[in-house]
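Reading the structure
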Amino acid sequence: DTGVSQNPRHKITKRGQNVTFRCDPISEHNRLYWYRQTLGQGPEFLTYFQNEAQLEKSRLLSDRFSAERPKGSFSTLEIQRTEQGDSAMYLCASSLGAGTMTGELFFGEGSRLTVL
Amino acid sequence: AQTVTQSQPEMSVQEAETVTLSCTYDTSESDYYLFWYKQPPSRQMILVIRQEAYKQQNATENRFSVNFQKAAKSFSLKISDSQLGDAAMYFCAKGGADGLTFGKGTHLIIQP
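Quick caveat, the model's predicted, so the values are computed rather than measured.

Definitions and cut-offs
- Residues numbered from 1 in each chain as written.
- Chains lettered and ligands numbered in written order.
- Predicted model: local features only at pLDDT ≥ 70, side-chain atom pairs only at ≥ 80, totals over all residues.
- Heavy atoms only, no water.
- Helix = DSSP H or I, 4+ residues; strand = E, 2+ residues; numbered from the N terminus.
- Contact = heavy atoms within 4.5 Å.
- Buried area = accessible area lost by both parts, 1.4 Å probe.
- Salt bridge = Lys/Arg side-chain N within 4 Å of Asp/Glu carboxyl O.
- Polar contact = N/O pair within 3.5 Å; in protein donor to acceptor, adjacent residues only side chain to side chain.
- Nonpolar A, V, L, I, M, F, W, Y, C, P; charged D, E, K, R; others polar.
- Disulfide = S-S within 2.5 Å.
- Buried < 20%, exposed > 50% of the residue type's maximum accessible area, 1.4 Å probe, protein only.
- Pairing = 2+ DSSP bridges.
- Axes fitted to C-alpha atoms, helices over the stretch in contact; angles between N-to-C directions.

1. Here we look at unusual backbone geometry
With an omega of -10°, the peptide bond running from Asn 7 of chain A to Pro 8 of chain A counts as cis. In this fold, Pro 8 of chain A is placed in the loop between strand 1 (5-7) and strand 2 (10-13). Backbone geometry places Arg 81 of chain A, a non-glycine residue, at a positive phi of 50°. Along the chain, Arg 81 of chain A turns up in the loop between strand 8 (75-79) and strand 9 (88-95). For Asp 81 of chain B, which is not glycine, the phi dihedral falls at a positive 50°.

2. Some words on the interface of chain B and chain A
On the chain A side, the residues contacting the 19 residues of chain B number 23 residues. In total, chain B and chain A occlude about 1700 Å² of area from one another, counting both sides; carbon and sulfur atoms represent 51% of this. Connecting chain B to chain A are zero salt bridges. Inspection of the chain B/chain A interface yields three residue pairs in polar contact (both at pLDDT 80 or more). Going through the elements one at a time, strand 5 (33-39), strand 6 (46-52), strand 10 (88-95) and strand 11 (100-102) of chain B are the ones with two or more residues in the side of chain B that touches chain A. Among the elements that take part in the side of chain B that touches chain A, strand 5 of chain B stands out by supplying four residues, more than any other. The residue inventory of the side of chain B that touches chain A, partitioned by class, reads nine nonpolar, seven polar and three charged.

3. Let's talk about the environment of Gln 41 of chain A
Within the secondary structure, Gln 41 of chain A sits in the loop between strand 4 (31-37) and strand 5 (44-50). As for Gln 41 of chain A and Thr 13 of chain A, which are separated by 28 residues in sequence, their C-alpha atoms are 22 Å apart. With near-sequence residues (within four places) excluded, Gln 41 of chain A lies in contact with Phe 91 and Lys 104 of chain B.

4. Some details on the state of the cysteines
What makes a disulfide is a covalent bond joining the sulfur atoms belonging to two cysteines. Taken as a whole, this structure holds two disulfides over all chains when the rule is applied. In this model, Cys 23 of chain A is linked to Cys 92 of chain A through a disulfide, with the two sulfur atoms separated by 1.9 Å. On the S-S bond that ties Cys 23 of chain A to Cys 92 of chain A, the torsion sits near -70°, and the link is left-handed. A residue pair is termed long-range when its members are at least 10 positions apart, and Cys 23 of chain A in strand 3 (residues 19-24) and Cys 92 of chain A in strand 9 qualify at 69 residues. What makes Cys 23 of chain A buried here is its relative accessible area of 0%. Between the sulfur atoms of Cys 23 of chain B and its disulfide mate Cys 92 of chain B the distance is 2.0 Å. Handedness here is read from the sign of the S-S torsion; for Cys 23 of chain B and Cys 92 of chain B, about -70°, the answer is left-handed. Taken together, the residues span a long stretch of sequence, with Cys 23 of chain B in the loop between strand 3 (19-21) and strand 4 (24-26) and Cys 92 of chain B in strand 10 at a distance of 69 residues. Neither residue differs from the other here; Cys 23 of chain B and Cys 92 of chain B are each classed as buried.

5. Brief notes about the sheet that holds strand 1 of chain A
Residues and elements named next belong to chain A. In spatial order, the strands read 1-3-8-7; together these four strands make up an open sheet with antiparallel pairing. Edge positions in the open sheet fall to strand 1 and strand 7 (65-68), since each of these has one partner strand only. Sheet twist, expressed as the mean angle between neighbouring strand axes with direction ignored, is 15°. In this structure, strand 1 lies alongside strand 3, joined through three bridges in antiparallel fashion. Bridge pairing in strand 3 links Asn 7 to Arg 22.

Pasting the structure below:
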């Protein structure tokens, strides 16, 4: 399968713990996006990378959140000191070029976080 | 801030019938892209159809078509000959330089 891959698919953690999600984009895609989706809502933009550079961060991305994309390949999204409000589906998407302007984003199946 | 509004939380249609999902948006840009994405249960989101704002002709992809009214900032999706596999959440989205802005979605139910 050469689509966008996200791991783990499900994560249950206790409040205050750190969690890390990984996203492997489609190999030739230079842009990688992270979105958060809560129940009954559409995905909300968190951040995106062009190659290894993080070009934009949403105000939703508090100081407890950090994302990296070393070498412009896979990306990780870490949440420190998790809170119950962090419970959501975290979606990764990739595109070739400016996918949000002209083309399409290819989404992974998401990583569902439950904070107890 | 850009907003995308989907006013129908849920829609139901009989199999083989036609259904229209509504979407309005707010923008000050003159050139942009609009998208409809489909999210089946526990599956990834996939692009259904896209529309370039500078094109007056409405986009069509097989059974899916849009009614794009630029002046009214309206972008509805029409699904013809509805099939059971069309059951999903449908999200309208507007493209921007940094990311997509999504609506809250419409849950489409197909009645057999």
